Amino acid sequence: MAYQKKTPASYSVGMVLLFIPSFIGVLLVFDILSDRTWIQIATLAVIIGCVGVGSYLAWWGKRPRQARNEWTPSKTLPKDDAA
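Numbering of residues starts from 1 in each chain and follows the order in which that chain's sequence is written. Residue-level local features of this predicted model are given only where pLDDT is at least 70; pairs of side-chain atoms are given and counted only at 80 or more, and the full residue set underlies all totals for whole chains, interfaces and linings. Side-chain descriptors were evaluated using all non-hydrogen atoms of the structure, hydrogens and water having been removed beforehand.

A. Broad picture of the overall build of the protein. By definition, any uninterrupted DSSP run of H or I lasting at least four residues is a helix, any uninterrupted run of E lasting at least two residues is a strand, and each is numbered from the N terminus. Of the regular secondary structure elements, the protein holds 2 helices and 0 strands. Here the protein holds 83 residues, and the buried ones make up 18% of them. The long-range share in the protein, meaning contacts at least 24 apart out of those at least 6 apart in sequence, stands at 64%. A 1.4 Å probe and the Shrake-Rupley method give the accessible areas. Residues count as covered only by the protein chains that appear here. If you sum the accessible surface of the protein, you get close to 7000 Å²; carbon and sulfur atoms cover 66% of it. Buried means the residue's accessible area, taken with a 1.4 Å probe over protein chains only, is under 20% of the maximum for its type, while exposed means over 50%, and partly exposed covers the values in between. In this description, contact between two residues means that some pair of their heavy atoms is separated by no more than 4.5 Å.

Dropping the structure here:
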């Protein structure tokens, strides 16, 4: 059986957040969202937040384990005395 590397959860959540502005854009194109000023401001804030948080989580999730300070097998293996 081939080993498959699992994608970190933060990467998956980040990718989902990056697609939310596209869905909001479709709602705006078809005039489903209202034209009121406070709704437009809230929509803009949600889009900026989703892009910012989503891109950070997607970037963080693709970093190597050592850079994310996650557990690696070498942390628990005994040290080599020959070196």
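So much for the structure itself; the text now carries on.
B. Representation of helix 2 (residues 37-61) within the structure. Every helix has an expected span of 1.5 Å times one less than the residues it contains. Taking 1.5 Å as the rise per residue, helix 2 with 25 residues should run 36 Å; its terminal C-alpha atoms sit 36 Å apart, in good agreement. Contact partners of the buried residues in helix 2: helix 1 (9-29).

C. Seen up close, the environment of Gly54. Checked against the element boundaries, Gly54 lands in helix 2. Spatially, the C-alpha atoms of Gly54 and Met15 are 6.2 Å apart, while their sequence positions differ by 39 residues. If sequence neighbours within four positions are ignored, Gly54 has contacts with Gly14, Leu17, Leu18 and Gly49.

D. Main features of a nonpolar patch on the surface. By definition, no residue in a patch forms a salt bridge, and every one has over 30% relative accessible area; like charges are joined within 9 Å, nonpolar side chains (Val, Leu, Ile, Met, Phe, Trp, Tyr) within 5 Å. Salt bridges are defined by distance alone: a side-chain nitrogen of Lys or Arg within 4 Å of a carboxyl oxygen of Asp or Glu. A grouping of Val26, Val29, Phe30 and Ile32 is seen on the molecular surface, where their side chains present a nonpolar patch of about 440 Å² in accessible area. Classification of Phe30 as exposed rests on a relative accessible area of 59%.

E. Spatial organisation of the packing of aromatic side chains. Pairing of aromatic rings covers Phe, Tyr and the six-membered ring of Trp, with a centre-to-centre limit of 6.5 Å; geometry is then stacked below 30 degrees between planes, edge-to-face above 60, and tilted otherwise. Under the criterion given, the structure shown has 1 aromatic pair. Consider the rings of Tyr56 and Trp59, whose centres lie 6.0 Å apart with planes at 45 degrees: the pair is tilted. A residue pair is termed a helical-turn pair when its members lie 3 or 4 positions apart in one helix, as Tyr56 and Trp59 do in helix 2 at 3 residues. Exposure remark for Tyr56: the relative accessible area of 45% places this residue in the partly exposed category.

F. How the structure looks around unusual backbone geometry. Phi is positive for Asp31, which is not a glycine, with a value near 55 degrees. Relative to the assigned elements, Asp31 resides in the loop between helix 1 and helix 2. Accessibility expressed as a relative area gives 61% for Asp31, which makes it exposed.

G. Spatial organisation of the packing of helix 1 against helix 2. Only the stretch in contact is used when fitting a helix axis, every axis being a line fitted to C-alpha atoms; angles between N-to-C directions are given from 0 to 180 degrees. For the pair helix 1 and helix 2, the least separation of the axes is 7 Å and the interaxial angle reads 155 degrees. Compared by their axis directions, helix 1 and helix 2 come out roughly antiparallel. Crossing handedness for the pair helix 1 and helix 2: left-handed. Residues Ser10, Tyr11, Val13, Gly14, Met15, Leu17, Leu18, Ile20, Pro21, Ile24 and Leu28 of helix 1 form the contact with helix 2, whose participating residues are Thr43, Val46, Ile47, Cys50, Val51, Val53, Gly54, Ser55, Leu57, Ala58, Trp60 and Gly61. Any residue that is not Ala, Val, Leu, Ile, Met, Phe, Trp, Tyr, Cys, Pro, Asp, Glu, Lys or Arg is counted as polar, Gly included; the first ten are nonpolar and the last four charged. Each residue belonging to the contact of helix 1 with helix 2 can be placed in one class, and the counts come to 17 nonpolar, 6 polar and no charged. For classification, angles of less than 35 degrees are called roughly parallel, those exceeding 145 degrees roughly antiparallel, those between 65 and 115 degrees roughly perpendicular, and all remaining angles oblique. Crossings are classed by handedness, with left-handed meaning an anticlockwise turn of the near helix from the far one by less than a right angle and right-handed meaning a clockwise turn.

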